[in-house]
Amino acid sequence: MHHLPRWLLLAVVVTAVLGSFEGIINGLVLGQFPTLVGATSTRLFRYLGAAVLLYVGTYTFLYLSQVLIVVATKHLNVALKQTLLTVSFQQGEKPSSGLNHLTNDAAKIEQNYFSALASLLTAIASTVLSTVFVLAVNPVMGLVFIAFSALTMVPMIFGQKGIGRLGALWSQANDRTVQSASDWLTGRRELRQYAVEQPFFRRVTAALTRSENALQKQNIRQWTVQYSSWLLVVLTLVGPWTVGFYLMSHGGFGITISVLLTLTLTADHVVGGVRQVMDVWGQLASTAALRRLPAAPQPFIAPTSTPAATPALHLDSVALNYGDHAVLAPTTLTVPYGTKMLLTGPSGIGKTSCLNLLAGWQKPTQGTVALADAPVAPTQVTYIPQDPWLFTGTVRDNLTLTAAYPDQTLRAALTAVGLNAELGPDPLAREIHPDADDLSGGQKQRLVIARALLRQRPVILLDEITAGLDDRNAHAIRTLIYQLPQTVIESAHHTDPALAQEFHFQTYALQNQQLVPAPNF
Ligand SMILES: Nc1ncnc2c1ncn2[C@@H]1O[C@H](COP(=O)(O)OP(=O)(O)OP(=O)(O)O)[C@@H](O)[C@H]1O
């Protein structure tokens, strides 16, 4: 709620209260009917005029409150979606999970929380006003009506926890559906190639059915709890009538048919209001688990300055285990600025894990990795992965990532990776669509390298960047990077012995969790 401007919150409350007089007006206006028998035409006209004014007034405020609620919901939706996206990003969630939160969860929270809160506000306003009115008309009978109304709360008091739990199950099932739909869409070529579309689609359908079943279960549970409340509503009308008829026949507490009629019509809004509060309560409960974030959003990382112009990397007793799987035994090593290093070893031995340690993405199980004197952070080094990340936009957007660089600098980076001439007459303005594969594998990799070159960080980590490239492309890219003055540490299955000699590479093989110096083969 703190995302809402104060004036808006206040305006919503005021208009909601003024738009909640329908119950009282019903009681006042319709309760007069028995007294209108034989009234003069002037009195009848006055009665009609007052009724029109009262109804139009309250409906106008009701309309205004709904418009303001729409405005407030927009503010809340923006804040909610920003928070969901930020937390997903900071928690390193899978894209499909993050998108599930952004779409399905957010839609449910909007419908069953924001809109429900708005209904709650109008329901509470209407209930409170009608209650005050009912008590003013006849305190004894008013209390009887209110006491019976309170009964309708009982089912929801007991049912809300279960509804919340089912909401969490639905979200988990949805997560799996989105993941499986994403596998289906991204695996199109493989699935067609092996002619397994139909059996694989059954898998997707099973996930889809499971999440829809979870939603159905939750909705049915919600309606069942509400049905129990509605059954009690019957009691909340018949009970007070029974008491009222009894008191009327014994002439107690000034109860007449007109009083009972007024009270019933207004108490309908007490009962209806309480019933609405119960409905809303169920809706709010259904979103409880969705609104619980795994962590609070953190401030975005500010750019960090490099500790020294030519810092060395220090590994001090650095070890890494994944559970009981040891990847690196305690290792102490200093890598002076400008070193060119190759890291080799069979698949699955731990090369990527070592690069992640050096980049600060992976915390060591023991020891520290420092750049100059401070623990290394991902914002201080450049890590180039095997699969380049590019997005739909211009080449300029993909290079700058919204930072400010003069066109001349951008062109120089493109020229350095040999793309300036390859990407058409105006390479910076060229639109790229990585999903549509409108750049070759080598061009994508070179674009990502150009992005890295612009940042001029002191350490460059390369993870199998030439794996998908032909020899000529691989040679060109390596030559480009090896010429740089920075520290370069490359993990590779296939190396280029001539270049490794030329640039004085130190080669290490990862064997039995140790970094063992190896010849430049
Ligand atoms: N986050 C993780 N949690 C648990 N185990 C992991 C994790 N990351 C990697 N591993 C395991 O650690 C081992 C080393 O993986 P890593 O990706 O570092 O190897 P690699 O040498 O880079 O392999 P490749 O050459 O095939 O890319 C593997 O057995 C892998 O399954």
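Residues numbered from 1 in each chain as written. Predicted model: local features only at pLDDT ≥ 70, side-chain atom pairs only at ≥ 80, totals over all residues. Heavy atoms only, no water.

Is there a simple way to explain the UniProt feature "transmembrane region" (unreviewed entry) in the protein chain in this structure?
Residues annotated by UniProt as "transmembrane region" (unreviewed entry) correspond here to residues 47-72, 113-134, 140-158 and 227-247. Each end of residues 113-134 is marked by a C-alpha atom, and these two atoms are 30 Å apart; helix forms 100% of the span and strand 0%. End C-alpha atoms of residues 140-158 are separated by 29 Å, and the span's content is 84% helix alongside 0% strand. (UniProt positions renumbered as here; feature names shortened; annotations may be inferred. Helix = DSSP H or I, 4+ residues; strand = E, 2+ residues; numbered from the N terminus.)

In this structure, what is going on with the packing of aromatic side chains? I would like to understand it.
What characterises a pair of aromatic rings is the spacing of the ring centres plus the angle enclosed by the ring planes. Tallied over the full model, the rule gives eight aromatic pairs. Relative to Phe503, the ring of Tyr482 has its centre 5.7 Å away and its plane inclined at 70°; by these criteria the two rings are edge-to-face. Placement of the pair is Tyr482 in helix H15 (residues 471-482) and Phe503 in the loop between helix H16 (497-502) and strand S11 (506-511), with a sequence separation of 21 residues. As far as the burial class goes, Tyr482 and Phe503 line up, both buried. (Phe/Tyr/Trp six-rings, centres within 6.5 Å; stacked < 30°, edge-to-face > 60°. Buried < 20%, exposed > 50% of the residue type's maximum accessible area, 1.4 Å probe, protein only.)

Just to check I follow, could you spell out the site of the ligand for this structure?
Residues in contact with the ligand, as listed here, are Tyr322, His325, Pro346, Ser347, Gly348, Ile349, Gly350, Lys351, Thr352, Ser353 and His493. Within the side chain of Ser347, one N or O atom sits 2.7 Å away from an oxygen atom of the ligand. Protein contact buries 56% of the 630 Å² of open area that the ligand shows by itself. By residue number, the principal contributor to the shell around the ligand is helix H11 (residues 351-359), which donates three residues. In the shell around the ligand, the residues fall into three nonpolar, seven polar and one charged. (Near = heavy atom within 4 Å. Polar contact = N/O pair within 3.5 Å; in protein donor to acceptor, adjacent residues only side chain to side chain. Areas by Shrake-Rupley, 256 points an atom, 1.4 Å probe, with all protein chains shown as cover. Nonpolar A, V, L, I, M, F, W, Y, C, P; charged D, E, K, R; others polar.)

Mind showing me how you'd approach the environment of Leu54 here?
Within the secondary structure, Leu54 is located in helix H3 (residues 41-90). Classification of Leu54 as partly exposed rests on a relative accessible area of 40%. Considering only alpha carbons, one finds Leu54 and Val29, 25 residues apart in sequence, at a separation of 9.3 Å. Those residues within four positions of Leu54 in sequence are excluded, and the remaining contacts are Ile25 and Val29. (Contact = heavy atoms within 4.5 Å.)

What is the right way to look at a positive patch on the surface in this model?
A cluster of like positive charges, contributed by Lys161, Arg165, Lys217 and Arg221, occupies part of the molecular surface. Here Lys217 lies in helix H8 (residues 197-249). Overall, Lys217 belongs to the exposed group, its relative accessible area being 55%. (Patch = residues over 30% accessible without salt bridge, like charges linked within 9 Å, V, L, I, M, F, W, Y side chains within 5 Å. Salt bridge = Lys/Arg side-chain N within 4 Å of Asp/Glu carboxyl O. Lys, Arg positive; Asp, Glu negative; His and termini not counted. Charge placed at Lys NZ, Arg CZ, Asp CG, Glu CD.)

Just checking my understanding: could you explain the domain arrangement of the protein chain for this structure?
By a frequent convention, interface size equals the accessible area lost on bringing the separate parts together. Here the domain parsing of the protein chain yields domain 1 (6-291) and domain 2 (313-518). Taking the mean C-alpha position of each, domain 1 and domain 2 sit 55 Å from one another. (Domains from an automatic or database assignment.)

Explanation requested: a nonpolar patch on the surface in the structure shown.
Taken together, the side chains of Leu10, Val14, Leu18, Phe61, Tyr63, Leu64, Val67 and Val71 present a nonpolar region at the surface, about 660 Å² in accessible area. Secondary structure elements with two or more residues in the nonpolar patch: helix H1 (6-18) and H3. At five residues, H3 tops the list of elements feeding residues into the nonpolar patch. Checked against the element boundaries, Leu64 lands in helix H3. When its relative accessible area of 36% is taken as the criterion, Leu64 is described as partly exposed.

I would appreciate a short explanation of the nonpolar core in the present structure.
The biggest cluster of nonpolar side chains holds 35 residues, and the ones touching the most others in it are Ile384, Leu399, Leu447, Ile449 and Ile481. Secondary structure elements with two or more residues in this core: helix H12 (395-400), helix H13 (407-416), helix H14 (441-455), strand S9 (459-463), H15 and H16. In terms of residue count, the dominant contributor to this core is H14 (seven residues). Residues within four places of Leu399 in sequence aside, it is in contact with Leu410, Leu414, Leu428, Leu447, Ala450, Arg451, Leu454 and Arg455. Listed in part, the 26 residues of the second largest apolar core include Leu315, Leu371, Leu461 and Leu510. (Core = buried A, V, L, I, M, F, W, Y, C linked by side-chain atoms within 4.5 Å.)

Would you mind going over the packing of H14 against H15 with me for this structure?
For the pair H14 and H15, the least separation of the axes is 11 Å and the interaxial angle reads 5°. For the element pair H14 / H15, the angle class is roughly parallel. Where H14 abuts H15, its residues Gly442, Gln445, Arg446, Ile449 and Leu453 lie against Asn473, Ile477, Leu480 and Ile481. When its residues are assigned to classes, the contact of H14 with H15 shows five nonpolar, three polar and one charged. (Axes fitted to C-alpha atoms, helices over the stretch in contact; angles between N-to-C directions. Parallel < 35°, antiparallel > 145°, perpendicular 65-115°, else oblique.)

Please clarify how the side chain of Thr58 should be interpreted in this entry.
Structurally, Thr58 can be placed in helix H3. In contact with Thr58, other than residues within four places in its own chain, are Leu18, Gly19, Ser20, Phe21, Glu22 and Ile25.

Explain unusual backbone geometry to me, please; I cannot follow it from the model alone.
Residue Glu464 is not a glycine yet carries a positive backbone phi of 55°. Tracing the backbone shows Glu464 in the loop between S9 and H15. Residue classification places Glu464 among the buried positions, given a relative accessible area of 12%. Its identity as a non-glycine residue notwithstanding, Asn512 has a phi of 45°, on the positive side. You can see Asn512 is positioned in the loop between S11 and strand S12 (514-518). The exposure class assigned to Asn512 is exposed, which follows from its relative accessible area of 63%.

Hey, could you run me through the pattern of salt bridges in this one?
Close approach of charged atoms lets side chains of opposite charge pair. The final tally for this structure, using the stated rule, is five salt bridges. As a salt-bridge pair, Asp426 and Arg411 come within 3.9 Å of each other at their nearest N and O atoms. One end of the pair, Asp426, is in the loop between H13 and strand S8 (431-432); the other, Arg411, is in helix H13, with 15 residues separating them in the sequence. Among the salt bridges present, the one from Arg478 reaches Glu490, with a minimum N-O distance of 2.8 Å. Within this pair, whereas Arg478 is found in helix H15, its partner Glu490 is found in strand S10 (residues 487-491), the two being separated by twelve residues in sequence. On the accessibility criterion, Arg478 (5% relative accessible area) is buried. The exposure class assigned to Glu490 is buried, which follows from its relative accessible area of 1%.

So what exactly am I meant to see when it comes to the sheet that holds strand S5 (residues 374-375) here?
Each strand in a sheet pairs with its neighbour through backbone hydrogen bonds, running either in the same direction (parallel) or in the opposite one (antiparallel). Across the sheet, which stays open at both edges, the four strands sit in the order S2-S1-S4-S5 with antiparallel pairing between neighbours. Edge strands, defined here as strands with exactly one partner in the open sheet, are strand S2 (325-335) and S5. As judged from the two bridges shared by strand S4 (residues 366-371) and S5, these two strands associate in the antiparallel manner. The partner of Ala370 across the bridge, within S5, is Pro375. On top of the sheet, H11 reaches strand S1 (313-322), S2 and S4; it is set at about 130° to S1, its chief contact. (Pairing = 2+ DSSP bridges.)

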